[in-house]
Amino acid sequence: NDHYEELLFVSSKFGPLDLTKKSGVQLPMRLSSLGVGELVGEVGGFLAIFKPPKAIRGGIPICFPQFSSHGFLEQHGFARNRFWTVESDPPPFPTKPSNNAFIDLILRPSEEDLKIWPHSFEFRLRVALGPGGDLMLTSRIRNTNADGKPFTFTFAYHTYFSVSDISEVRVEGLETLDYLDNLQNKERFTEQGDAITFESEVDKIYLSTPMKIAILDHEKKRTFVIRKDGLPDAVVWNPWDKKAKAMADFGDDEYKHMLCVEAAAIEKPITLKPGEEWRGRQELSAVPSSYCSGQ
Ligand code: BG6
């Protein structure tokens, strides 16, 4: 339908996509290639590698069933490296407004996946565009284990935001919160003072954050607003110069123009019994900076 075409068009900006394929088949598109124009960073414009089985750097890779190296699976879990199936006949939008364009993508474990993570699940990701250009992602993960066993996972929407100059960016909503610092053995600290600014490498997991976080880009006079639900934590990551140079799929200077702020559930992993479902939602919008000043 028209909505489906519209979303495919949007995602095609970020990755190889065969528009001749119909819904209900596997697309030559991976989830990490989804994104909306300027809203989600086009990091790796020149150096991102569009070759399975690795995730494409940029967009919104999905970290599941494990965030980062917090477990025994590969970094950030396997979901971001898999092909997803387009749901040909998705259930309707449960909430208003119902005029959002949306697509449902489904991931179920393959035989190979079950060998490394022996749990049966259905992951339904609804990617929706609001009339004003907002991008809404809703993940529904259901335990479909027939053996009666629960499973536990961590999760993140690893969102790359495009910013004009990282040194001029402020993140509001995380001040005074506790965080785990990935650069200091995941030790726990408390953020002091004002909004977060950037002058060196950052890799932190903020804990029990508010539902709304803002990224203020002064040069562009634009603010990205993240609203989230079911995702208490928020990762803030910028590799800065040395790590940028060390990453094969990341330009040496691209760290200046990106920031990852990732709605996540990490500190308290989610456990689902058979038949249970978890829901985690992220909404992104871009507004003129004045909208958020003084918050
Ligand atoms: C962040 C992690 O979410 O992702 C960082 O906190 C990690 O530790 C970064 O370096 C990028 O991960 P990757 O696997 O995409 O290079």
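Just so you know, these numbers come straight off a predicted model, no measurement behind them. (Residues numbered from 1 in each chain as written. Predicted model: local features only at pLDDT ≥ 70, side-chain atom pairs only at ≥ 80, totals over all residues.)

In terms of helices and strands, the chain carries three helices and 17 strands. By residue count, 39% of the 295 residues in the chain fall in the buried class. (Helix = DSSP H or I, 4+ residues; strand = E, 2+ residues; numbered from the N terminus. Buried ≥ 20, exposed ≤ 12 C-beta atoms within 10 Å, placed from the backbone.)

Attention now moves to the environment of Leu 259. Mapped onto the elements of the fold, Leu 259 is located in strand 16 (residues 258–272). Separated by 183 residues in sequence, Leu 259 and His 76 have C-alpha atoms that sit 17 Å apart. Apart from residues lying up to four places away in sequence, Leu 259 is in contact with Phe 161, Val 163, Ile 166, Val 169, Ile 215 and Asn 238. (Contact = placed C-beta atoms within 7 Å.)

Right, let's get into the pairing of strand 7 (residues 151–157). Burial analysis of strand 7 places six of its seven residues in the buried class, the great majority of the element. Pairing geometry for strand 2 (residues 62–63) and strand 7, over two bridges, is antiparallel. Within strand 7, the residue paired with Cys 63 across the bridge is Ala 156. Summarising the sheet, strand 7 and strand 16 pair through five bridges and their orientation is antiparallel. Looking at the pairing, Ala 156 lines up with Ala 264 of strand 16. (Pairing = 2+ DSSP bridges.)

Below, the discussion takes up the site of the ligand. Lining the immediate environment of the ligand, one finds Ser 68, Gln 75, His 76, His 158, Asn 182, Asp 203, Val 235, Trp 237 and Glu 262. Counted by class, the shell around the ligand contains two nonpolar, five polar and two charged residues. (Near = placed C-beta within 6 Å. Nonpolar A, V, L, I, M, F, W, Y, C, P; charged D, E, K, R; others polar.)

Moving on, we come to the nonpolar core. Counting residues in hydrophobic clusters, the biggest one holds 59 residues, and the most contacted among them are Ala 156, Ile 215, Ala 234, Val 261 and Ala 264. Of the residues forming this core, the biggest block, eight residues, is contributed by strand 16. Apart from the residues within four sequence positions on either side, Ala 156 is in contact with Cys 63, Phe 67, Val 235, Glu 262, Ala 263, Ala 264 and Ile 266. (Core = buried A, V, L, I, M, F, W, Y, C linked by C-beta atoms within 7 Å.)

Right, let's talk about the pairing of strand 5 (residues 121–129) for a bit. Inspection of the sheet shows strand 4 (residues 101–107) paired to strand 5 by seven bridges, in the antiparallel sense. Residue pairing for strand 5: Ile 106 is matched across the bridge by Arg 124. Where strand 5 lies against strand 6 (residues 135–143), nine bridges are found, and the strand directions are antiparallel. Bridge pairing in strand 6 places Glu 122 opposite Arg 142. Connecting strand 5 to the antiparallel partner strand 6 that follows it, the hairpin turn spans five residues, and Gly 133 within it adopts a positive phi of roughly 95 degrees.

Summing up the model confidence of the chain, the mean pLDDT is 83 and the portion of residues at 70 or higher is 80%. When the criterion is pLDDT under 50, residues 1–44 qualifies, and its contacts beyond four places in sequence or with other chains add up to 98 contacts. Under the prediction, the complex receives an ipTM of 0.99, its pTM being 0.87. (pLDDT = per-residue confidence, 0-100.)

A few words now on the environment of Leu 272. Here Leu 272 shows up in strand 16. For Leu 272, a count of 19 C-beta atoms within 10 Å translates into the label partly exposed. As for Leu 272 and His 119, which are separated by 153 residues in sequence, their C-alpha atoms are 11 Å apart. When neighbours within four sequence positions are excluded, Leu 272 is seen to be in contact with Ile 141, Asn 143, Pro 150, Phe 151 and Trp 278.

Cis geometry marks the peptide bond from Phe 64 to Pro 65, where omega comes out at 0 degrees. When you line up the elements, Pro 65 lands in the loop between strand 2 and strand 3 (83–86). A positive phi angle is found at Ser 68, which is not glycine, with a value near 50 degrees. Counting through the fold element by element, Ser 68 comes out in the loop between strand 2 and strand 3. Overall, Ser 68 belongs to the buried group, with 21 C-beta atoms counted inside 10 Å. A positive phi angle, near 60 degrees, is found at Trp 240, a position not held by glycine.

The subject of this paragraph is the environment of Arg 279. Along the polypeptide, Arg 279 turns up in strand 17 (residues 277–288). What makes Arg 279 partly exposed here is the crowd of 13 C-beta atoms within 10 Å. Between the C-alpha atoms of Arg 279 and Ser 139, which are 140 residues apart in sequence, the distance is 5.5 Å.

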